[in-house]
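Here are the chains, one letter per residue:
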Amino acid sequence: MITPPDRTPLPREFFDRPVLDVAPDLLGRTLVRTTPDGPITVRLTEVEAYDGPNDPGSHAYRGRTARNGVMFGPPGHVYVYFTYGMWFCMNLVCGPEGRASAVLLRAGEILEGAELARKRRLSARNDKELAKGPARLATALGVDRALDGTDACDPDETPLRVLTGTPVTSDQVLNGPRTGVAGDGGVHPWRFWVADDPTVSPYRAHVPRRRSS
């Protein structure tokens, strides 16, 4: 008999730890996106850690801006950014207030609300691809900048909450370089994923963007 995942919300103390402790511990947890059309629940299978001022790959490496301000706030809040002029990506803020570290949610398995996710991800060839990659995950859940700053630890019903789920064991966790990160930040093995899970996105090294002549 399979034990159902624990639906207890993760407390703020879970996120008030070093980002490299939080990131692998998020694997197997469940993210609940509440919408007017119903809930969508995702089991997290892939994440990346970004360590603020110690990390050239982090949005907060050079300090606070209007874009990354949520990263400097209390842990357990959602940081959403817009990238390449077309996609949103979602992070969970970690560590003490002012530290500006966060975990990028890269991929997951849709456990509930797949019919809603399919309407947003018409190009997905199957349900394993609905949230396979950070932009796809945010699109499947209907996440945009309006959710930036959401408190995922709020005890009341919120648009985004992180539940205890069924955390994976350490032998199920793999790690390696982060996807598409350039320069010194590209060497950190701070991408974590569930071994052999079909919803994990493929690794891609950074490719410099060509400037038009």
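Definitions and limits used
Residues numbered from 1 in each chain as written. Predicted model: local features only at pLDDT ≥ 70, side-chain atom pairs only at ≥ 80, totals over all residues. Heavy atoms only, no water. Helix = DSSP H or I, 4+ residues; strand = E, 2+ residues; numbered from the N terminus. Rg over C-alpha atoms; globule rule 2.2 N^0.38 Å. Buried < 20%, exposed > 50% of the residue type's maximum accessible area, 1.4 Å probe, protein only. Contact = heavy atoms within 4.5 Å. Areas by Shrake-Rupley, 256 points an atom, 1.4 Å probe, with all protein chains shown as cover. Core = buried A, V, L, I, M, F, W, Y, C linked by side-chain atoms within 4.5 Å. Salt bridge = Lys/Arg side-chain N within 4 Å of Asp/Glu carboxyl O. Pairing = 2+ DSSP bridges. Phe/Tyr/Trp six-rings, centres within 6.5 Å; stacked < 30°, edge-to-face > 60°. Lys NZ or Arg CZ within 6 Å of the ring centre and 35° of its normal.

Peer 1: Which residues make up the overall build of the chain, and what values go with them?
Peer 2: Summing up its helical and strand segments, the chain has four helices and nine strands in all. Counting from the amino terminus, helix and strand elements in the chain follow one another as β-α-α-β-β-β-β-β-α-α-β-β-β. Taken against the 2.2 N^0.38 rule, which gives 17 Å for 213 residues, the C-alpha radius of gyration of the chain at 16 Å falls within 12% of a compact globule. C-alpha atoms of the chain, sized along the principal axes, occupy 55 × 40 × 35 Å. The buried share of the chain, reckoned over its 213 residues, is 51%. Of all intrachain contacts in the chain linking residues separated by at least 6 positions in sequence, the fraction that spans at least 24 positions is 62%. About 10,700 Å² of surface is accessible on the chain, with carbon and sulfur atoms providing 52% of the total.

Peer 1: Explain the nonpolar core to me, and be specific about the residues and the numbers.
Peer 2: Among the nonpolar cores identified, the biggest contains 42 residues, and F15, L26, M90, V103 and L105 are the most heavily contacted of them. The dominant element in this core, judged by the number of residues it contributes, is strand β3 (residues 38–50), at five residues. Judged by nonpolar contacts, the second largest core, of 13 residues, contains Y50, F72, Y81 and V181.

Peer 1: Lay out the pattern of salt bridges with the relevant residues and their values.
Peer 2: Per the stated rule, a full pass over the model turns up 13 salt bridges. Salt-bridge contacts for D25 lead to R17; the nearest nitrogen and oxygen are separated by 3.0 Å. Between E48 and R106 there is a salt bridge; the shortest N-O distance is 3.8 Å. Taken together, the residues E48 in strand β3 and R106 in strand β6 (residues 101–112) connect sequence positions 58 residues apart. R106 shares its class with E48; the two are buried. One continuous salt-bridge network, built from bridges that share partners, spans E46, E48, R106 and R191.

Peer 1: Outline the pairing of strand β9 (residues 191–194), supporting the account with residue identities and numerical values.
Peer 2: Residues R191 and W193 line one face of β9 and the alternating positions F192 and V194 line the opposite face, and both faces are buried. Two elements, β3 and β9, share three bridges in a ladder whose sense is antiparallel. Looking at the pairing, E48 lines up with R191 of β9.

Peer 1: Give a detailed account of the packing of aromatic side chains, specifying residues and quantitative values.
Peer 2: This structure, assessed with the given rule, holds three aromatic pairs. Ring geometry for F14 and F15: centres 5.0 Å apart, planes at 75 degrees, overall edge-to-face. This pair shows no difference in class: F14 is buried, exactly as F15 is. Ring plane angle 40 degrees and centroid distance 4.8 Å describe the contact between F82 and F88, whose orientation is recorded as tilted. Owing to a relative accessible area of 38%, F82 belongs among the partly exposed residues under this scheme. In this structure, R17 is placed above the aromatic ring of F14, and the distance from its NZ or CZ to the ring centre is 4.6 Å. Its guanidinium or amino end placed over the ring of W193, R191 lies 4.2 Å from that ring's centre, counting from NZ or CZ.

Peer 1: I'd love a proper account of unusual backbone geometry, names of residues and values included.
Peer 2: Phi is positive for A100, close to 60 degrees, though the residue is something other than glycine. Considering the arrangement of structural elements, one finds A100 in the loop between β5 (87–94) and β6. The residue D196 is not glycine, and still its phi comes out positive at about 65 degrees. Along the polypeptide, D196 turns up in the segment after β9.

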